[in-house]
Amino acid sequence: MGEILQGLAAGFINCFYPGNLLMLLVGIVMGLIVGIVPGITLVMGVVLALPFTYSMDVTPAIVLLTAMYVAGTYGGAPTAILFKIPGEPIDIPMLWDGYAMARKGHPAKALGWTLLAALVGGLSSAFVLAGLAQPVADFALQFSSPEYFALVLFGLASVVTLGRESMANAVLSLCLGLLIATVGVDDMYGSVRFTFGATLLRDGIEFLTVIVGVYGLGEVFARLHQGFALPPIKKISEVHTQLPTFKEIKRLKAAFLRSSIVGTLIGIVPGAGATIASFVAYGVEGQYGKRRREMGTGIPEGIVAPQTAATASVGGALIPLLTLGIPGSGATAIILGAFLLHGMQPGPQVFLSSAGIVYTVIASLFLGIIVMCLIGYFAIKPLVKVLGFPEAVVSTFIMVLCFIGALSIRNNAGDLWIMVVFGIIGYLFERYKFPVAPLVLGVILGPLAESAFMTSMLGYQGDWTVFFRRPISGTIMALTIIAVIFPIISRIRGRYRLAE
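The text that follows walks through the structure, step by step, so that each part is easy to find.

Reading the values: rules and limits
- Residues numbered from 1 in each chain as written.
- Predicted model: local features only at pLDDT ≥ 70, side-chain atom pairs only at ≥ 80, totals over all residues.
- Heavy atoms only, no water.
- Helix = DSSP H or I, 4+ residues; strand = E, 2+ residues; numbered from the N terminus.
- Polar contact = N/O pair within 3.5 Å; in protein donor to acceptor, adjacent residues only side chain to side chain.
- Contact = heavy atoms within 4.5 Å.
- Expected span 1.5 Å × (residues − 1).
- Buried < 20%, exposed > 50% of the residue type's maximum accessible area, 1.4 Å probe, protein only.
- 1 Å grid on protein atoms, 1.4 Å probe; cavity = no way out; pocket = protein on both sides within 12 Å on 5 of 7 lines; lining within 4 Å.
- Points joined across faces, edges and corners; volume = space filled by probe spheres on them.
- Phe/Tyr/Trp six-rings, centres within 6.5 Å; stacked < 30°, edge-to-face > 60°.
- Axes fitted to C-alpha atoms, helices over the stretch in contact; angles between N-to-C directions.
- Parallel < 35°, antiparallel > 145°, perpendicular 65-115°, else oblique.
- Left-handed = near helix turned anticlockwise from the far one by under 90°.
- Nonpolar A, V, L, I, M, F, W, Y, C, P; charged D, E, K, R; others polar.

### Overview of the side chain of Asn20
Inference 1: With respect to the helices, strands and loops of the structure, Asn20 is situated in helix H2 (residues 18–36).
Inference 2: From its side chain, Asn20 meets the backbone oxygen of Asn14 in a polar contact 2.9 Å long.
Inference 3: Discounting residues that sit within four places of it in the chain, Asn20 has contacts with Asn14, Cys15, Thr59, Pro60 and Val63.

If you want it as structure tokens, here you go:
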């Protein structure tokens, strides 16, 4: 415990270095703007910020992206409550009661509940992150290549089960991502794979190019297909925030506790993220809350549950990222890319090799949540003014940033064509209801899975049963099988009930 406190103290000192503090403030403001602007998702916003971190040191780069991540979980709340325009999918459950409360004549109160929920959820998960990160990393030091392969496989399986429209589509998306990850020269044997004679592909396909294409450019293509249907809002009325009283907060302590736990746990699950946490927490409150029959009518519980869980998922998602090198959400997948870009591999060894950076990131989460709430309280009105920008203008700006980012990765014009190709793929995925997250995580985790698998096969003379015979890897493999089979059984039972 003393070691954790000393690490956090040093991390807070590092956060107040001028460069790190500036990046923290910039990240918070950018995250709030990204959350407010319809059409720019949280993951896309982090992707667009990634090229600006290329020339930075690793610490301010990760602080910037982490600050954007946490602020993005709250940024869309004001527009969802005031105008019924969710800047993020995260905000959809929250607006069911938030907008209803605003329509009843209490918009300031709704904004106050949202701000408080973001503060409680964020700080609670930050405490969990600070307390669990070191123990999880110490436990993970016992891992060998079979355990690491099993863990990566579990992360991939967890992503597949999140294919809400179609699990088959999620599997196809993941397989495509894994296939893309094999392009180039094999690290183990040095053989050239799937380049089709193209010199550009010998070095492989950069996962950052894939991410910028499918998320950034793909979303622009989707908006273009819709004809930029969202009209700009010309008039922004007076906006302010009214915080709830202590007595009101006390009545909702159970909702805060439930949602914080739900958000943190879902954040830990690889591939889940804030959107899943938001919907699940709203559902849990609708099942177990004292006023569950009034959900959707404009009650505080309907605001507190999804917002608390969404912000709490940030700390949860950073736990597997920092300790195991597995992203817990789409945004942490981008942050993982930033770590790798700066020559740092998150994982069990990170507390031995780069403990100062890790504790600075954890401290920046605490500080970022507080700064986010202060800015959110005092600067709501100027922030929502970005809604007056025409969507076509915003999309043009996004395209410019995408091309700059893709060109900056390797200074190779061929990457621009690769990005455009994946932009089209991202658009087609959006149109035909294929999830993008499995593809992206397949591209990122594919090389890690292949390396761990091949190392295991070489170390254990090709005996694949080693993944099931070793206690830790066997347990993780069993959890992986359950993670895949349980949703299948649930869907079959659901169809059977509908048939009845």
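Having put the structure on the table, let's press on.
### Details of helix H20 (residues 414–431)
Inference 1: Counted at 1.5 Å a residue, the expected span for H20 with its 18 residues is 26 Å, and the 26 Å between its end C-alpha atoms agrees.
Inference 2: Buried within H20 we find Gly414, Asp415, Ile418, Met419, Phe422, Gly423, Ile425, Gly426, Tyr427 and Phe429.
Inference 3: Remark: Lys433 follows H20 within two positions and exhibits a positive phi of approximately 65°.

### Quick word on the layout of surface pockets
Inference 1: A volume near 640 Å³ is recorded for the second largest pocket.
Inference 2: Taken together, 28 residues make up the lining of the second largest pocket; nearest its centre are Ala181, Val183, Asp187, Asp203 and Pro447.
Inference 3: Looking at the lining of the second largest pocket, the elements that each hand over two or more residues are helix H9 (167–181), strand E1 (184–185), helix H15 (330–341), helix H19 (391–410) and helix H21 (437–459).
Inference 4: The element contributing the most residues to the lining of the second largest pocket is H21, with seven residues.

### Thoughts on the packing of aromatic side chains
Aromatic ring pairs are reported here in terms of the distance separating the ring centres and the angle at which the planes meet.
Inference 1: Considering all chains together, one arrives at eight aromatic pairs under this definition.
Inference 2: Judged by centre distance (5.5 Å) and plane angle (40°), the ring pair of Phe429 and Phe434 falls under tilted.
Inference 3: Judged by relative accessible area, Phe434 falls into the partly exposed class, the value being 25%.
Inference 4: Taken together, the ring pairs in this structure connect Phe12, Phe127 and Phe366 into an aromatic cluster.

### Observations concerning unusual backbone geometry
Inference 1: Not every positive phi belongs to a glycine, and Phe194 is a case in point at roughly 55°.
Inference 2: Within the secondary structure, Phe194 sits in the loop between strand E2 (192–193) and helix H10 (207–225).
Inference 3: Here Gln461, not a glycine, exhibits a phi torsion of approximately 55°, which is positive.
Inference 4: One can find Gln461 in the loop between H21 and helix H22 (466–469).

### Some details on the packing of helix H4 (residues 58–75) against helix H14 (residues 300–324)
For any two helices packed against each other, one specifies the inter-axial angle together with the distance between the axes.
Inference 1: Where H4 meets H14, the closest approach of the two axes is 8 Å, and the angle between their N-to-C directions is 160°. Compared by their axis directions, H4 and H14 come out roughly antiparallel. As H4 packs across H14, the resulting crossing turns out to be right-handed. Only Gln307, Ala310, Thr311, Ser313, Val314, Ala317 and Leu318 of H14 make contact with H4, whose side of the interface consists of Thr66, Tyr69, Val70, Thr73 and Tyr74.
Inference 2: Class assignment of the residues belonging to the contact of H4 with H14 gives a composition of seven nonpolar, five polar and no charged.

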